[in-house]
Amino acid sequence: MKRLLIVVLLLAAVLPATAAASPKVLAIHYTADVNPVTQDWLNTQLEHAQDRGYSAAVIVLDTPGGLEESMRKIVQRELSLRIPVIVYVAPNGARAASAGVWISQAADLLAMAPQTNIGSSTPINGNGQNIGSDLRRKVVNDAAASLRGLAKSHRRNAKWADAAVRKASNLDAQEALQMNVIDVIAPTLPALLSKIDGRVTVPRHLTLRTKDAAIDDVRPGFLTRFLSTLIDPNIVGLLFLAGLAGLGFELFHPGVVIPGAFGAICMLCALFGFSVLPLSWAGLMLVLFGAALLVIDAHVTTHGALTLSGLVAIAVGLVTLFHKAPAPYHTSIPLVVTVTVVLGGFWAIAIAKAVAVRRRPATVGPQQIVGMEGIVRGDGQVFVRGELWRARSPEKLRAGEHVRVAGLDGLTLDVHRID
């Protein structure tokens, strides 16, 4: 009886404390393009929210969109999570565009801050233009069906989801709420958590316990931001050119070390970008071919023809290097033009100096003796520059005569008498 009383007292002390404990949510601030680096980081945070006992995971979203494959992996992770996933398009001025619409519609609850917008999900090709008619029908129909399915399963406006893909429809927060595209509008995250407490999600029937929830904020760290920067097509192209320059310099000047090490680092960083972005092998071959033409022109006199051809090949290669990538991953045409002009100017100076060096008379080695004067010593020898050389002359030479060296053939000098 005494032991039973102790157990009852312990339960009475523990249960109220447990009931009074506040829930906690993980606020994942996702303000980036949708790409493999940010996708891996977001999915990892969603897993952490589930494994660490959070009541819900909130994706605070502001994205222009990104790569389809990365978007689909995020959607799959959202749908498979065992805790509620809330997408909150915030802060004011934020947007959920393109791939961000799929991430939003996959959420158990979708909310927006008052001055935000959502939509514009029409698939486009790598250069920002419409896809060709036959392929366009396939891509657009697939995308529309996917987004309609997400909206319908969460009892949201499937008709608008279709229009977002086919007509690039875009709504502000109030319009989205009126058209049942989103579930709620809230000015802040705490206000949102208080407002949605007790709701049951569709279709998974999860009850939201979010009132007075403790909020743990997470944002991408330095490594995630750095790797995400490395897959910018413009930076990848520049790193690749720098890698080629550094490794090429080390190849033609062995032992310098620093340019080779720098080039290797740049090349490895560029290869990381190549492994993430959809690469055009034709563009890559053009860049390599252009670099090869520049090197050849430095050793063969072509009056700049190979240099001009190499610069054109590099420019076209850089523009087409990632032409299969979606809109946020375009190569900047002005940057390519600037790089080509700067590289062309530098190479023109380098070629001009190389030609001048070739035309300059030799200052070291045996060729230096050409043009010097000497004295005939007999036995077919002349004394030049403190050395005895075999001599050859169309004239008959006598000892003591002064001669000038006209040429060098092995160890024999061609000489002429000085009158």
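Residues numbered from 1 in each chain as written. Predicted model: local features only at pLDDT ≥ 70, side-chain atom pairs only at ≥ 80, totals over all residues. Heavy atoms only, no water.

Q: What's the story with helix H11 (residues 258-276) in this structure? I'm lost.
A: For an α-helix the count is 3.6 residues per turn, leaving residues at separations of three or four pointing the same way. Look at H11: 28 Å from first C-alpha to last across 19 residues, which is about the 27 Å you get at 1.5 Å a residue. Among the residues of H11, Gly260, Gly263, Cys266, Met267, Cys269, Ala270, Gly273, Phe274 and Val276 are the ones counted as buried. Tucked into the core, H11 has its buried residues touching helix H2 (36-51), helix H9 (222-230), helix H10 (233-252) and helix H12 (281-297). (Helix = DSSP H or I, 4+ residues; strand = E, 2+ residues; numbered from the N terminus. Expected span 1.5 Å × (residues − 1). Buried < 20%, exposed > 50% of the residue type's maximum accessible area, 1.4 Å probe, protein only. Contact = heavy atoms within 4.5 Å.)

Q: Which parts of the structure should I look at to understand helix H6 (residues 158-166)?
A: For H6, the buried fraction is high: 7 of the 9 residues fall into the buried class. Along H6, the residues classified as buried are Ala158, Trp160, Ala161, Asp162, Ala163, Ala164 and Val165. For H6, the side-chain oxygen to backbone nitrogen distance between the N-cap and Lys159 is 3.0 Å, and the N-cap itself is Asn157. Positive backbone phi, approximately 55°, marks Ala168, located one or two places after H6. (Polar contact = N/O pair within 3.5 Å; in protein donor to acceptor, adjacent residues only side chain to side chain.)

Q: Looking at this structure, I do not really get the sheet that holds strand S6 (residues 117-119). What am I missing?
A: Remark on secondary structure: sheet strands pair via backbone hydrogen bonds, oriented parallel or antiparallel. The strand order S4-S6-S7 describes an open sheet built from 3 strands, whose pairing is mixed. If you trace the sheet from one side to the other, it starts and ends with strand S4 (95-97) and strand S7 (170-172), each paired once. On average, each strand axis in the sheet is inclined to that of its neighbour by 15°, with strand direction left out of account. Sheet topology note: the S4/S6 ladder contains 3 bridges and is parallel. Its bridge partner lying in S6, Ala97 is registered against Gly119. (Pairing = 2+ DSSP bridges. Axes fitted to C-alpha atoms, helices over the stretch in contact; angles between N-to-C directions.)

Q: Just to check I follow, could you spell out the nonpolar core for this structure?
A: Inside soluble globular proteins, nonpolar side chains tend to come together where they are buried. Membership of the largest hydrophobic core comes to 48 residues, with the highest contact counts inside it found for Tyr30, Leu42, Ile59, Val87, Trp102 and Ile118. Dropping the residues within four chain positions of it, Tyr30 is found in contact with Asn35, Thr38, Gln39, Trp41, Leu42, Ile59, Val60, Leu61, Asp62 and Ile74. Core analysis: the second largest hydrophobic core is formed by 31 residues, Leu241, Cys269, Leu279 and Trp347 among them. (Core = buried A, V, L, I, M, F, W, Y, C linked by side-chain atoms within 4.5 Å.)

Q: Sorry, what's going on with the pattern of salt bridges here?
A: Opposite charge on two side chains allows them to pair when their charged atoms are near. Under the defined criterion, the tally for this structure stands at 13 salt bridges. Arg156 is the salt-bridge partner of Asp183, the closest N and O atoms lying 3.0 Å from each other. Here Asp183, found in the loop between helix H7 (173-178) and strand S8 (184-185), pairs with Arg156, found in the loop between helix H5 (133-153) and H6; they are 27 residues apart in sequence, far enough to count as distant. A residue is classified by how much of its surface remains accessible, and Arg156, at 5% relative accessible area, is buried. Between Asp414 and Arg392 there is a salt bridge, with the nearest N and O atoms lying 2.8 Å from each other. Note that Asp414 is positioned in strand S14 (residues 412-417) and Arg392 in strand S12 (residues 387-392), a separation of 22 residues in sequence. Here the salt bridges share partners, and the residues they tie into one network are Glu68, Arg72 and Asp142. (Salt bridge = Lys/Arg side-chain N within 4 Å of Asp/Glu carboxyl O.)

Q: Mind showing me how you'd approach a nonpolar patch on the surface here?
A: On the surface, Leu286, Leu308, Val312 and Val316 cluster together into a nonpolar patch covering about 330 Å² of accessible area. With respect to the secondary-structure elements, Leu308 resides in helix H13 (residues 305-320). (Patch = residues over 30% accessible without salt bridge, like charges linked within 9 Å, V, L, I, M, F, W, Y side chains within 5 Å. Areas by Shrake-Rupley, 256 points an atom, 1.4 Å probe, with all protein chains shown as cover.)

Q: I'm lost on unusual backbone geometry in this one. Help?
A: Negative phi characterises most residues that are not glycine, and trans characterises most peptide bonds. Residues Ala90 and Pro91 are joined by a peptide bond in cis, for which omega reads 0°. By the element assignment, Pro91 lies in the loop between strand S3 (85-89) and S4. The amide bond that connects Val202 to the next residue, Pro203, takes the cis arrangement and shows omega of 10°. With respect to the element layout, Pro203 can be found in the loop between helix H8 (189-196) and strand S9 (214-218). Here the phi dihedral of Ala168 falls at roughly 55°; this positive angle occurs in a residue that is not glycine. Non-glycine residue His205 carries a positive phi angle of around 55°.

Q: I would appreciate a short explanation of the environment of Ala391 in the present structure.
A: Within the secondary structure, Ala391 is located in strand S12. Separated by 22 residues in the primary sequence, Ala391 and Leu413 have C-alpha atoms spaced 4.8 Å apart. Apart from the residues lying within four places of it in its own chain, the contact partners of Ala391 are Gly380, Gln381, Val382, Thr412, Leu413 and Val415.

Q: Would you mind going over the state of the cysteines with me for this structure?
A: One way to say it: the disulfide is the covalent bond shared by the sulfur atoms of two cysteines. Following the criterion strictly, the structure yields 0 disulfides and no others. Cys266 takes part in no disulfide bond, and the closest cysteine sulfur, belonging to Cys269, lies 6.6 Å away. (Disulfide = S-S within 2.5 Å.)

Q: What exactly am I supposed to notice about the sheet that holds strand S10 (residues 373-378) here?
A: Read once around its circumference, the closed barrel built from 5 strands follows the order S10-S11-S12-S14-S13, with strand pairing classed as mixed. Within the sheet, the average angular offset between the axes of one strand and its neighbour, ignoring direction, is 55°. Here 6 bridges tie strand S13 (residues 402-409) to S14, and the two strands are oriented antiparallel to one another. Following the sheet pairing, Arg404 is matched in S14 by His416.

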